[in-house]
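Commentary on secondary and tertiary structure
For reference, the chains in residue letters:
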Amino acid sequence: MVREHPHANHTTSAQNAAASGAANASPLAKLRLPFLRAEPALELLGTSGMVTRRSFGASASKQSAARPCANAARTGLFRRPNPGDGTAGYSPATYPSLSLHAAELLAVFTHVVSGNGDRENARATDPVIRVAPLPGQSRHRKYARRAAVFLTILCLSRPTYGQDPRIVTPMEIFDPERGDGIALSGGLTALPYVDADAVYNSNIYNLPANEIDDVVFSLRPTLVVRTTLPRHELSIRGSSEVRRHLDTESEDSEQFEAAARARLDLASRTELTVDAGFRHLIEPRGTAGDFFLTDEPVEFDQKFASVRLQRVGGFVEMTGEAQIAEFDYEDATLNGAPIDLSARDATVRRARVRGSAPTGRNTRVFVEVGGNQVRYERNPAIRNSSGYSLLGGMQVNLTDLLAVEAGVGYLHQKFKDPSVESVGGLNYHLRGEWTPGPTWQVIASADRLVDPSPRDAIPAIVRSSFRLGARKAVSDRLLVSAEAAVVDEDYRSTTLSERRFEVGTRAHYRLTDNVGLIGRLGYRNQNGKGGGRDYNGFAVGLGLRVAL
């Protein structure tokens, strides 16, 4: 496998400019001079002069990049020509760091602003260009000089469109372990890999007191089968997780997932994506689904499906999406006594439509309308609800390295039981990405949504989340990341609320082409009101990933 050096050919022009303090300086190589690209003689935009192009030398360096104007001024490239030393013109042969068009531009600028109308001296000292009158016209050198200076300044300040820089992120520099896969018939490829780790958890039950610590061993095999077609894509994914505790065997669990995704390229900028699958999961200790201490973790099945139609590019971008998920909880036990959890069984449907259009070169406005419906199998007349959300905002590329998407709106959820007060209030969405350099990336997000409740007395949970993360590609073999999150959960029709704070860091190191080493460290703290649970704890783990 051929691998690039982590710092070779990954830095974009925008990232270099930001690092050197010259982000707003236009490289001379990007200037376009149509009046210097024509045949040897042409009229200079209707003025009374003619630009005749002579030899600029053939030894220009193709490896040298044009310097920004600010850097050129500091290095003396804008000094006046000296007739005595043979440097009367700015040719690439004299200044190999300049591109051909930049040298032409400087030559024009130098010629028209130098001298006091001494034509003979100008011809003698300028081997690059000469300004001659058109046949039958008198010379108006003074006006031609002013016009040429104006056009030169206009070209220097003109932005270069259609050359948006491609920003490189740490995920592109980092080269994780990967296998060759297994080629199957019919244009299919199988990609198996296995994760295994050991994690020390200081509070496995997330209790406020009398915490119990333990070491958890996990094994997570995964198999992905996907097509290798030039258009469209089909992938099937199967994965599982087996957890075994060193001391607390009652917390041992098995989870698995089987899912498929199909993407149809309907047109050059339009695609249809369909997802469907089945999951068998457990409720993490200390979360809303683990409201009481059962003998073993609460288990449930989830069936899900979604369809998304998306059109990107062009003036208007549109996205339409619909989702459905069914939750089926298994019975649990508390001190050996069975507990019926069928009250948690629910079906959740969501749909949204989003459209955006540009308002400028670096801005787009968007509008999003969404709806949801929650249906419970038990006590539907009391707990069922439906709602909608409105969101409007703007996507802004503040610089080539900083992009922000922010929106505000209204969220409303109405319950079938008239005694339960409807949910109405501010809706918001925020996502920002900052890439100060090719090895760094910072991502921030904030969202709000309504989720079904696991308890009979609580019809819904309004969940607000705020996240801040950073990634650092130390090399193509090592990726370091960190994240902090705050999650607020408001249990409707009660005074119960919980706020959970989480912070963690992760390091991923590629040992060989097929083997990676992953270490993680995390801390959590939750504060509850109105009967909510208070707890804290930390976890540290080390694991291996093997790609076949």
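Cut-off values and rules
Residues numbered from 1 in each chain as written. Predicted model: local features only at pLDDT ≥ 70, side-chain atom pairs only at ≥ 80, totals over all residues. Heavy atoms only, no water. Helix = DSSP H or I, 4+ residues; strand = E, 2+ residues; numbered from the N terminus. Buried < 20%, exposed > 50% of the residue type's maximum accessible area, 1.4 Å probe, protein only. Contact = heavy atoms within 4.5 Å. Areas by Shrake-Rupley, 256 points an atom, 1.4 Å probe, with all protein chains shown as cover. Pairing = 2+ DSSP bridges. pLDDT = per-residue confidence, 0-100. Patch = residues over 30% accessible without salt bridge, like charges linked within 9 Å, V, L, I, M, F, W, Y side chains within 5 Å. Salt bridge = Lys/Arg side-chain N within 4 Å of Asp/Glu carboxyl O. Core = buried A, V, L, I, M, F, W, Y, C linked by side-chain atoms within 4.5 Å. Lys, Arg positive; Asp, Glu negative; His and termini not counted. Charge placed at Lys NZ, Arg CZ, Asp CG, Glu CD. Phe/Tyr/Trp six-rings, centres within 6.5 Å; stacked < 30°, edge-to-face > 60°.

A short note on the overall build of the chain
The helix and strand inventory of the chain stands at seven helices and 24 strands. Within the chain, buried positions represent 37% of all 548 residues. Within the chain, residue pairs in contact and separated by at least 24 positions form 56% of the contacts whose partners lie at least 6 positions apart. Surface summary for the chain: the accessible area is close to 29300 Å², and the carbon and sulfur share equals 57%.

Side note on the pairing of strand β10 (residues 299-311)
Pairing geometry for strand β9 (residues 270-282) and β10, over 13 bridges, is antiparallel. Considered in β10, the bridge of Phe278 is made with Lys303. Inspection of the sheet shows β10 paired to strand β11 (residues 317-329) by 12 bridges, in the antiparallel sense. Pairing of Arg308 across the sheet is with Glu321, part of β11. In this antiparallel pair of consecutive strands, β10 and β11, the connection spans five residues, and Gly313 shows a positive phi of 80°.

Side note on the confidence of the model for the chain
Of the residues in the chain, 69% reach a pLDDT of 70 or more, and the chain-wide mean stands at 78. Confidence drops under a pLDDT of 50 for residues 16-99, and excluding neighbours within four residues, the segment shows 146 contacts in the predicted structure. Between residues 157-163, whose pLDDT stays under 50, and residues either more than four places distant or in other chains, the model counts seven contacts.

Thoughts on a nonpolar patch on the surface
Together, Phe501, Val503, Leu521, Tyr523, Phe538 and Val540 make up a nonpolar patch on the protein surface, roughly 480 Å² of accessible area in all. Mapped onto the nonpolar patch, the elements with two or more residues apiece are β22 (497-510), β23 (515-529) and β24 (535-547). Assignment of secondary structure puts Leu521 in strand β23.

A word on the environment of Pro221
When you line up the elements, Pro221 lands in strand β6 (residues 214-227). For Pro221 and Ala196, which are 25 residues apart along the polypeptide, the C-alpha to C-alpha distance reads 8.4 Å. Ignoring anything within four residues of it in the chain, the contact list for Pro221 reads Tyr193, Val194, Gly238, Ser239 and Ser240.

Remarks on the nonpolar core
With 13 residues, the main nonpolar core has Phe327, Tyr329 and Leu341 as its most contacted residues. For this core, the secondary-structure elements that each account for two or more residues are β10, β11, β14 (346-360) and β15 (363-376). If one sorts the elements of this core by residue count, β11 sits on top with three residues. Counting seven residues, the second largest nonpolar core, distinct from the first, contains Leu411, Val420, Val423 and Val450.

Here we look at a negative patch on the surface
Among the surface-exposed residues, Asp328, Glu330, Asp331 and Glu377 lie close enough to one another that they form a single negatively charged patch. Residue position: Asp328 is located in strand β11. Since its relative accessible area comes to 42%, Asp328 is described here as partly exposed.

Quick word on the packing of aromatic side chains
Evaluation of the coordinates by the stated rule reveals six aromatic pairs. Residues Phe300 and Phe327 carry aromatic rings whose centres are separated by 6.3 Å and whose planes lie at 45° to one another, so their mutual orientation is tilted. In this pair, Phe300 sits in strand β10 while Phe327 sits in strand β11, placing the two residues 27 residues apart along the sequence. When sorted by exposure, Phe300 lands in the same class as Phe327, which is buried.

Brief notes about the pattern of salt bridges
Under the defined criterion, the tally for this structure stands at 30 salt bridges. Note that Glu321 and Arg352 form a salt bridge whose closest N and O atoms lie 3.0 Å from each other. In this pair, Glu321 sits in strand β11 while Arg352 sits in strand β14, placing the two residues 31 residues apart along the sequence. Arg463 serves as the salt-bridge partner of Glu489, at 2.9 Å between the closest nitrogen and oxygen.

With respect to the pairing of strand β8 (residues 253-267)
Here 11 bridges tie strand β7 (residues 233-245) to β8, and the two strands are oriented antiparallel to one another. The partner of Val242 across the bridge, within β8, is Glu254. Where β8 lies against β9, 11 bridges are found, and the strand directions are antiparallel. Residue pairing for β9: Arg263 is matched across the bridge by Thr273. The hairpin turn running from β8 into β9, its antiparallel successor, is two residues long.

Describing the environment of Leu517
For Leu517, the position within the fold is in strand β23. Sequence spacing of Leu517 and Leu478 is 39 residues, and the spatial spacing of their C-alpha atoms is 9.5 Å. Leave out the neighbours within four places in its chain, and Leu517 touches Ala507, His508, Tyr509, Leu511, Leu542, Gly543 and Leu544.

A short note on the environment of Ser235
One can find Ser235 in strand β7. In this structure Ser235 comes out as buried when scored by relative accessible area, which is 18%. Separated by 10 residues in sequence, Ser235 and Val225 have C-alpha atoms that sit 5.5 Å apart. Apart from residues lying up to four places away in sequence, Ser235 is in contact with Val225, Arg226, Ala259, Ala260 and Arg261.

A few points about unusual backbone geometry
Backbone geometry at Asn206 places phi at a positive 55°, although glycine is not the residue there. Relative to the assigned elements, Asn206 resides in the loop between β5 (188-201) and β6. Under the relative-accessibility criterion, Asn206 is labelled buried at 7%. A positive phi angle, near 55°, is found at Asn335, a position not held by glycine. Inspection of the secondary structure puts Asn335 in the loop between β12 (332-334) and β13 (337-339).

Focus on the side chain of Glu405
Summarising the element assignment, Glu405 is placed in strand β17 (residues 402-415). The exposure class of Glu405 is buried, given its relative accessible area of 16%. Residues within four places of Glu405 in sequence aside, it is in contact with Arg354, Phe366, Met394, Gln395, His429, Leu430 and Arg431.

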